[in-house]
Every structure is written in C-alpha cells, then in structure tokens.
Amino acid sequence: MDLTFTAEDEQFRARVSAWLDENRPTSRLLPPTTPEGFRQHLDWERRLFEAGFAAPGWPEEFGGLGLDLWGETVFDEEYVARRLPERLNKMALIHGARTVMAHGTAEQKARWLPGVLDCSDIWCQGFSEPGAGSDLAAIRTTGRIEGDEIVLDGQKTWTSNGAIATRMYALIRTDPRASKHRGISFVVFDLDIDGVEIRPMRQLHGNSGFAEVFFTGARIPVSSVVGGLGDGWRVAQTALKLERGASRGSHTRLKGHLDGLVTVVDQAGADRALTERLGALRSWVYAYVQSTYALTDTVARGGDEGVAASINKLRSTELQTAIGELRLEILGAAGPVVDELGPAGELGGFHRDYWHGRAAEIFAGTSEIQKNIIAERGLGLPREPTA
Ligand SMILES: Cc1cc2nc3c(=O)[nH]c(=O)nc-3n(C[C@H](O)[C@H](O)[C@H](O)COP(=O)(O)OP(=O)(O)OC[C@H]3O[C@@H](n4cnc5c(N)ncnc54)[C@H](O)[C@@H]3O)c2cc1C
C-alpha cells in the first residue's frame, strides 16, 4: 500500500491550483435555485468545462481527463480547500452518469453523457419515496409497460436539485408481482414531459434544495431502462456504492473545520481539558485522512473498497458533527451569530458546515444503515431480523 502522491500527481496539483487561483469566482455565488444564482453557477461550470476540469476522473472518451482516483483526489483537495461552489451536476458526475457508464448500452451513453459535463442537462436522483428510504426496495412508484413505453405513476421525495434538474435517474417498480428486490428497474429520463410535477421544498435556510416529484401517467420510452427490465436493484448497487464511497475532498473539508476550531479554542483560551479534546479530534481527523488515502489506493489499484466505504462515510460525518458541537460548546450563545451571513440570508460558513454534517448522517444511507453494513458484511455479525 502506498499512501503518497506521485510526482505526476503533484504536477497536476500545481496546474490545478494555478488555474483555480486565476479563475475562481471572486465572490460567493447566489444559491442555484434563484435565476441569478443558477446563471452564476452555470457560468462557473462552463469555465471548468472549457478548461477540461469538469470531471478529471471520467474516461477521456466521455470528456474527462482519464485520471485515476489519486488524480481525482488531488483535484478535489484543491477545489475543497478553496471552498469553491458545490458542483451543479454532482448527482450525475459522482454516481448517476457513472452508473450509466458501467451498465448502459453504447447508445445510452451517447445519448445521455455528453450533456453532463457542460451542464446542458442537470441530473437528479429519484430513489427515495415516502415510505422508502433506508428500506429502498420498498419503492412503490410503478412503471407499467405499454408497447414500447413505460407509464409512470407515484412519487419521489427528498430529490436534491429537483427544482433545477432536467433529467432524473430513478428506481421504479415494473413488475408488481415479483418479489421485493426483483421487478425493480433503473431508468433515466427527461423531466420536461407531461405527467411530471416538481414541487420544490423550501428548507430552513430559505432555499429549495429539495423537491418532491410526482408522476401521473408520465410516459417514457422503454429504451430508458438501464441494465435490463427488472434488473434495477443490481444497477442501483453501483450508484449507491459510488455515492457512499465518494470522499470528494471530505478529508480536506474536515481539516478546514479543525483549523477553524483551533482558532476558536485559541481565542477562548484553552484549558487542559479542552486541549485534550482538541488533540483527540486532531488525531481522529489525521486518521481519517490516512484511511481516505488507503481507500483511494485500493480503488486506484482496481480493488473493491468493500465496507471501508461505509466506515469512512460514518467516520467523516461523526467527525464533522463532533467538531461542530465542540465549537458551539465553546462559543455558547455567541455560536450561532459569529458567522457572517451569506447572500440572500443564506447561513454562513460554519453553520452550513455544521448542518451539512447533520444532513450527512442521513443522505447516502444513514449512519445506522452504515453501522448495519459494517456489522453484517464487515464483522460477520448475524443479520438483523426482518419481518
Ligand atoms: C440532504 C439530503 C439529501 C438527499 N438527497 C436525496 C436525493 O437526491 N435522492 C433521493 O432519492 N434521496 C435523497 N435523500 C433521502 C435519503 O436517501 C433518505 O432520507 C435516507 O435514505 C433515509 O431514509 P428516510 O428519510 O426514509 O428515513 P428512514 O429510512 O425512515 O429512517 C428513519 C430512522 O430509522 C433508522 N433506521 C431505518 N432502518 C433502520 C435499520 N434497518 N436499522 C437501524 N436503523 C434504521 C434510520 O437510520 C433513521 O434514523 C436525501 C436526504 C438528505 C438528508
């Protein structure tokens, strides 16, 4: 196992750093759910695309730089260290389109992949439904086959970027008589069709990052199915694994949070107990960085990350929460007001990070679900009883 970057990686780092420093937006962008914010994000994405940095880890045949996971990690580290805007098409870049690369036909790849990198198409993920989150195979949205069309009826929820997306990748039930995990299909389709209603969900911070998406007799072609009718559960495992395993610079983000905490502790005047707690967090963050690199090395060598992806996801969310809680504990009542507010009343840096940590305990599989995976698949403990 080699946990260091090569000279080639470092050359790429120098190139990326120079470009980002020269081209980064000069002020924080408005939320992409506002018309002006969307234009700003699109502008930034197009600049990344034109420079060839839209997806460094994608194969060259699909417009990427063909870098391995180490190269991608270099890009993510530099991007995250500068606190640059969240990627507009992250649902496609990280998992949706990559699942199509793994399971789609040549025709599907040619149809769907080109619009991802320049954001001509913005993707969202339609997996969760009311009543189907952790128990994803309980989905009830149906896809009735009629000739060469599939007729959709049902509802998705918690759809990130649903309010701005033009395309969805989703799980639907195409054979209601089959057992729970069978009869599910994985489909990709455009959202601007009859029978699709998108209702943005306004959140505490005032923006609508989520949407509910309703289907009432919406018709999509059978050629929307990826990996074969009824084989969607298998295809979905690729998407879930990519989503869960994606570190996307979270180790760099955590190091930034820790630096912020050190400043707060310094200003507060650290006593011995506080210094010890800070020291413990620092060593956990260091261990997390190393375990991220170990995972990177495994994947870059073509290996399977296995339960290590779950361990890493769990660790990163726990650390994010622990750092945030200690910071709040030190600052007390002043905690919620010390950050500057972002544009349009958006929460400032620290609070975004803190609440993002709480959300991370839920999305891409809750912390409890990660613990189940680690216990059952990693430690070989008995499976939990099912009804
Ligand atoms: C910020 C954010 C973005 C999201 N984006 C998307 C998106 O773009 N597309 C999409 O499809 N979904 C998205 N989701 C939904 C997310 O995948 C689900 O919220 C998540 O899978 C949990 O499902 P649930 O909300 O139905 O909770 P439930 O599954 O009902 O869980 C409720 C509680 O019970 C616990 N629990 C459930 N089952 C078990 C078990 N077997 N053992 C132990 N504990 C258990 C859970 O850990 C949780 O604490 C997003 C969620 C968040 C917070």
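Residues numbered from 1 in each chain as written. Predicted model: local features only at pLDDT ≥ 70, side-chain atom pairs only at ≥ 80, totals over all residues. Heavy atoms only, no water.

Focus on the confidence of the model for the protein
As a general rule, the predicted coordinates of low-pLDDT regions are not to be interpreted in detail. With 94% of its residues at a pLDDT of at least 70, the protein reaches an overall mean of 91. In the model, residues 340-346 has pLDDT below 50 throughout and makes 16 contacts with residues more than four positions away in sequence or in other chains. (pLDDT = per-residue confidence, 0-100. Contact = heavy atoms within 4.5 Å.)

Digging into the domain arrangement of the protein
What the domain assignment reports for the protein is domain 1 (7-88), domain 2 (123-232) and domain 3 (247-378). The C-alpha-based centres of domain 1 and domain 3 are spaced at 22 Å. (Domains from an automatic or database assignment.)

What about the packing of aromatic side chains?
Ring pairs (aromatic) are described by centroid distance and by the angle formed between their planes. Evaluation of the coordinates by the stated rule reveals 15 aromatic pairs. Seen in terms of ring centroids, phenylalanine 12 and phenylalanine 53 are 6.3 Å apart; in terms of plane orientation they differ by 65°. Their pairing is edge-to-face. You can see phenylalanine 12 sitting in helix α1 (residues 7-23) and its partner phenylalanine 53 sitting in the loop between α2 (35-50) and α3 (69-81), a full 41 residues away along the chain. The exposure classification of phenylalanine 12 matches that of phenylalanine 53, with both residues buried. Centroid distance phenylalanine 189 to phenylalanine 215: 5.9 Å. Interplanar angle 70°. Geometry classified as edge-to-face. Here phenylalanine 215 lies in strand β7 (residues 210-221) and phenylalanine 189 lies in strand β5 (residues 184-190), a separation of 26 residues in the sequence. This pair shows no difference in class: phenylalanine 189 is buried, exactly as phenylalanine 215 is. Three or more aromatic residues joined by ring pairs form one cluster here, namely Phe12, Trp19, Trp44, Phe53, Phe75 and Tyr79. (Phe/Tyr/Trp six-rings, centres within 6.5 Å; stacked < 30°, edge-to-face > 60°. Helix = DSSP H or I, 4+ residues; strand = E, 2+ residues; numbered from the N terminus. Buried < 20%, exposed > 50% of the residue type's maximum accessible area, 1.4 Å probe, protein only.)

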